[in-house]
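What follows is each chain in one-letter form.
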Amino acid sequence: MTKLSEILRERGYVHQHSSGTLEEITDGPKRTVYLGIDPSADSLHIGNLVPLLVLRHFLENGHKVIILTGGGTGMIGDPGGKSEERNLLDEKTIKHNTKAVAAQIRQVFGSSDFTEVNNADWLSKLNLLEFLRDVGKHFTVNAMIKKDIVKSRLDAESPISFTEFSYSLLQGYDYLHLNEEYGADVQVGGSDQWSNIIAGVEYIRRKEGKEVYALTWPLIVNKSTGKKFGKTESGAIWLDPQKTAPFQFYQFFLNVEDDAVEELLLKLTLLSKQEIDALMGKQSAEPGKRHAQAALANAVTELVHGKEATKDAHNVSEVLFGRKELAEVSADVRRLLEKEAPSAGVKLGMPIVDVMIAAGLASSKREARQFIEDGAVILSGETVTDVNRVLQEKDFKSKLALLKRGKRNASVLILD
RNA sequence: GCGUCGGUAGGUAAGUGGUUAAAACGGCCUGGCUGUAGACCAGGUGCCUUCGGGCUUCGGGGGUUCGAAUCCCUCCCGGCGCACCA
């Protein structure tokens, strides 16, 4: 079996670690690894995939995994740049979110199990005086103000509240608690979490004299835009199929730019390094064929949504973007289109402009007209040129028609 | 609380009484070229339209004026300084 340290390195999952060598953390005794997740939404998004993949590698190497839901710290917010006030999440919402997220984690982890904890269970019981005595004593302000997140705020004279400033104490306390209760001895996170994680490592060393570890991975950043990965103009790409249809999920990865595809294959799929190397060879030989993007879309969608949904997403993509015309495909695929693809119910005689709005392909009539004037609108294979065109019988085959706006946006029209 | 600076389109930000639906850049959208990629080039980017034009915008409300994003009053929000409280 390949050593875990090697797997993590070759896939680019290693940013910083607290021990002298990575091997000490990963290849020695079996560890209990903990990851904190913010419970502010009832679904994970693709930005959370890296942590899950990293943990899956740990699991496959026989380590244990604890997922901590930040029910307590979620109320505070960490000073990682978010300016808006965090709202207190009520217990019911947190429970609901936690449950939904746990199901998604299970899907990505495959058969392996993990422990779920919520830090509200212990943080909410803390007593201020005890906290200051038992936890606060072990942190020096001298060290805290040197942290990047804090320092940059101070340098810029941008206010940082005491609450935000204290965030790392809570996270450190979480680590100690998990170490005592569950034997957690590795905490992992994105590179932006390094200072918070290391605060816990140092705290435990000082208080208990125990050596525990920290490991972070580099955040995926879009090289051309510098933006965080996974955010689109229309919002995050969610793992929940209700929030982001598997078809759209699949499309997101199919559209990944060439420069990013190798990194994403390594970090977001379980394909072996050898497979990925072979794929990239093929990709650079025939970039136009998009071998790498296709493999990425298939692998990630399968990991998150399963084989069936991936096949469906692929078929729907074929019709919406491939050569296949609506008329050519089987009844099965048509049924699928109605279910999986973006669609809208329409009536004969409806103006094309209104249809585009109903189908979500334009946000206003004026915009819809603009698209038509640009020659961007294609109805059942025919470019629409007349702004006043209405839907006709001949546009439909078995009550279905395909409306496209530009090359990447399409919707299925269903005749009422 | 006092003083002061600021709040303009999704972002940064011009504009200090009419020619400003509002510069510029960036973002985004579309077309071209391609490979459902990137780069590049072109167009578009408040809403409605019978394509003549109409309507609604510059933190909120009220006022002055023929006319306001621009002037006045007031309220709300943010930065900074001072004071108060510790």
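This one's a predicted model, so the numbers in the text were calculated from it and none came from an experiment.

Criteria and thresholds
Residues numbered from 1 in each chain as written. Chains lettered and ligands numbered in written order. Predicted model: local features only at pLDDT ≥ 70, side-chain atom pairs only at ≥ 80, totals over all residues. Near = placed C-beta within 6 Å. Helix = DSSP H or I, 4+ residues; strand = E, 2+ residues; numbered from the N terminus. Nonpolar A, V, L, I, M, F, W, Y, C, P; charged D, E, K, R; others polar. Pairing = 2+ DSSP bridges. Contact = placed C-beta atoms within 7 Å. Axes fitted to C-alpha atoms, helices over the stretch in contact; angles between N-to-C directions.

A. Representation of the protein's contact with RNA strand B. In the vicinity of RNA strand B, 30 residues are found, and the nearest of them are Glu 257, Arg 366, Asp 374, Ala 376 and Gly 406. Secondary-structure elements contributing two or more residues to the surface near RNA strand B are helix 12 (246-254), helix 15 (291-321) and helix 18 (365-373). In terms of residue count, helix 18 provides more of the surface near RNA strand B than any other element does, 5 residues in total. When grouped by side-chain class, the residues that make up the surface near RNA strand B number 6 nonpolar, 12 polar and 12 charged.

B. Main features of the sheet that holds strand 12 (residues 400-405). Ordered by their spatial adjacency, 5 strands build an open sheet running 9-13-12-10-11, and the pairing between neighbours is mixed. Taken across any chain shown, the strands that pair with only one partner, and hence form the sheet edges, are strand 9 (343-346) and strand 11 (382-383). Pairing analysis gives 3 bridges linking strand 10 (residues 377-379) to strand 12, with the strands arranged antiparallel. Bridging across to strand 12, Val 377 finds its partner in Arg 405. Helix 16 (residues 331-340) contacts strand 9, strand 12 and strand 13 (409-415) of the sheet and is inclined by roughly 105° relative to strand 13.

C. Here's a closer look at the sheet that holds strand 4 (residues 115-118). An order of 1-6-5-2-3-4 is seen for the 6 strands of this open sheet, with the pairing classed as mixed. Bordering the open sheet on either side are strand 1 (16-17) and strand 4, each of which pairs with just one other strand. The sheet strands contacting helix 10 (residues 167-182) are strand 2 (32-37), strand 3 (64-69), strand 4 and strand 5 (186-190), and the helix crosses strand 3 at an angle near 135°. Sitting on the sheet, helix 11 (residues 194-208) touches strand 1, strand 5 and strand 6 (213-217), and the angle it makes with strand 6 is about 170°.

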